[in-house]
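Structure at a glance
So the chains spell out like this:
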Amino acid sequence: MHEDEKQGILDVRVLMNDNTEIDIEIQLAELKVWAERALFYLSKMYTNQITPGQDYTIFKKCISISILNFVLFPKELEFYSCFHIMEDTRHTIYTDKMEFHVIELPKLPERLKEDNSDILLWAKFINAERKEEFDMLATKNSYIDHAYQQLQIISQDREKRLEYEAREKAIAIAKKFLLMGVSIDIIVSGTGLLKEEVGELQNKK
């Protein structure tokens with residue numbers, strides 16, 4: 001990974017049922033050459049579909065979705081942009097095999113209106129920080145509600161894993177202290193384990 005890209009927090013590749021390939025990235029740190037980077041990676045995704053000797057009809061659409069925590073187009077007010085390869089004056093599509101979507105999170109409106117697009121709701125969900133925001137957005141879109149429920153499950157699992165890892169670490173420390181002859185009261189104070197738990201560890205020595 002390039003030095004300037006190290007604060008990208010998400011890079012997911014998705015294969016749809018119609019074989020459309022999607023590259024989704026969230027980038028925190030500003031990267032002025034983001035457009036060039038997105039074009040480079042989408043081009044690689046496109047060319048990787050074919051091997052020597054295969055027919056060009058094998059190519060499927062490739063879509064880039066960039067969710068940026070910085071402003072890429074300072075002269076534009078809209079937070080969402082979609083780009084295709086087309087003729088300059090007549091706007092005839094040259095090919096629909098490549099598509100670029102860009103969401104600039106700093107441009108999101110502070111407040112929602114009564115009639116909001118799904119893209120705006122999802123962008124607000126991605127950018128949300130407080131529980132109140134998540135709860136409100138979950139009421140406005142059933143898919144967001146499902147995603148929020150899954151996010152809560154993942155968060156709970158992570159907390160349980162961290163609790164388990166912390167307990168295992170405390171037990172390992174307690175065992176070392178017991179081997180060193182440290183008193184049970186000091187071990188309880190230093191590890192947070194119950195006195196009975198430390199006693200059981202002592203009996204298993």
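It should be noted that the structure appears before, not after, this text.
None of the values given here were measured: they were computed from a predicted structure.

A word on the pairing of strand S5 (residues 93-104). Pairing between strand S3 (residues 62-68) and S5: 7 bridges, direction parallel. When the bridges of S5 are listed, Ile67 appears paired with Ile103. The antiparallel pairing of strand S4 (residues 80-86) with S5 creates a hairpin that spans 6 residues between the two strands, and His91 there sits at a positive phi of about 60°.

There is about 400 Å³ of room inside the largest pocket. As for the largest pocket, its lining consists of 14 residues, and the residues nearest its centre are Ile24, Ile65, Ile67, Trp122 and Ile126. Mapped by element, the contributors of at least two residues to the lining of the largest pocket are strand S1 (8-15), strand S2 (21-27), S3, S5 and helix H2 (118-127). For the lining of the largest pocket, the per-class residue count stands at 13 nonpolar, 1 polar and no charged.

Within the secondary structure layout, Ser81 lies in strand S4. Judged by its relative accessible area of 15%, Ser81 falls in the buried class. Once residues within four sequence positions are removed from consideration, Ser81 is found in contact with Phe73, Phe100, His101 and Val102.

So, on to H2. Along H2, the residues classified as buried are Leu120, Leu121, Ala123, Lys124 and Phe125. Structurally, H2 contributes buried residues whose contacts are with S5, helix H3 (131-138) and helix H4 (142-179).

Let's shift gears to the packing of H3 against H4. Pairs of packed helices are described in terms of their axes, by the angle between the two and the distance that separates them. As a packed pair, H3 and H4 sit with axes 8 Å apart at the nearest point and diverge in direction by 140°. In this view, H3 runs oblique relative to H4, as classed from their interaxial angle. Of the residues in H4, those touching H3 at Lys131, Phe134, Asp135, Leu137 and Ala138 are Ile144, Asp145, Tyr148 and Leu151. For the contact of H3 with H4, the residue count by class is 6 nonpolar, no polar and 3 charged.

Within H3, burial applies to Phe134, Leu137 and Ala138. Here the buried residues of H3 occupy an arc of 100° about the axis, which is enough to place them on one side. Of the surrounding elements, those touching the buried residues of H3 are H2 and H4.

Attention shifts here to the packing of aromatic side chains. This structure, assessed with the given rule, holds 7 aromatic pairs. With a centroid separation of 5.2 Å and an interplanar angle of 75°, the aromatic rings of Phe40 and Tyr41 are classed as edge-to-face. Given a relative accessible area of 32%, Tyr41 falls into the partly exposed group. An aromatic cluster of at least three residues, connected via ring pairs, comprises Trp122, Phe125, Phe134 and Tyr148.

This part is about unusual backbone geometry. Not every positive phi belongs to a glycine, and Asn19 is a case in point at roughly 75°. Mapped onto the secondary structure, Asn19 falls in the loop between S1 and S2. For Asn19, a relative accessible area of 36% puts it in the partly exposed group. A positive phi angle, near 60°, is found at His91, a position not held by glycine. Of note, His91 is situated in the loop between S4 and S5. Overall, His91 belongs to the exposed group, its relative accessible area being 51%.

So, how was this worked out
Along each chain, residue indices are assigned from 1 in the same order as the chain's sequence is written. Only residues with pLDDT of at least 70 get local features here, since the model is predicted, and only at 80 or more are side-chain atom pairs given and counted; chain-wide, interface and lining totals rely on the full set of residues. Note that the side-chain values use all heavy atoms of the structure and ignore hydrogens as well as water. Two strands make a pair as long as DSSP finds a minimum of two bridges between them. In this text, helices come from DSSP runs of H or I with a minimum length of four residues, and strands from runs of E with a minimum of two, each type numbered from the N-terminal end. Computed over the protein atoms alone on a 1 Å grid, cavities are sets of points where a 1.4 Å probe fits but cannot get out and pockets are open sets with protein on both sides within 12 Å along at least five of seven lines; a residue lines them when it has an atom within 4 Å of a point. Grid points are joined across faces, edges and corners, and a volume is the space filled by probe spheres set on the points. As a working rule, the residues Ala, Val, Leu, Ile, Met, Phe, Trp, Tyr, Cys and Pro are called nonpolar, Asp, Glu, Lys and Arg charged, and the rest polar, with Gly in that last group. For the exposure calls, accessible area comes from a 1.4 Å probe over protein chains only, and a residue counts as buried if that area is under 20% of its type's maximum, exposed if over 50%, partly exposed in between. The contact criterion used throughout is that any non-hydrogen atoms of two residues lie within 4.5 Å. Angles run from 0 to 180 degrees between N-to-C directions of axes, and those axes are lines fitted to C-alpha atoms, restricted for helices to the stretch in contact. These descriptions rest on fixed angle ranges, namely under 35 degrees for roughly parallel, over 145 for roughly antiparallel, 65 to 115 for roughly perpendicular, and the rest for oblique. This arc describes the spread of directions from the helix axis toward the C-beta atoms. For this analysis, a ring pair means two rings from Phe, Tyr or Trp (six-membered ring only for Trp) whose centres lie within 6.5 Å, classed as stacked if their planes differ by under 30 degrees, edge-to-face if by over 60, and tilted for the remaining angles.

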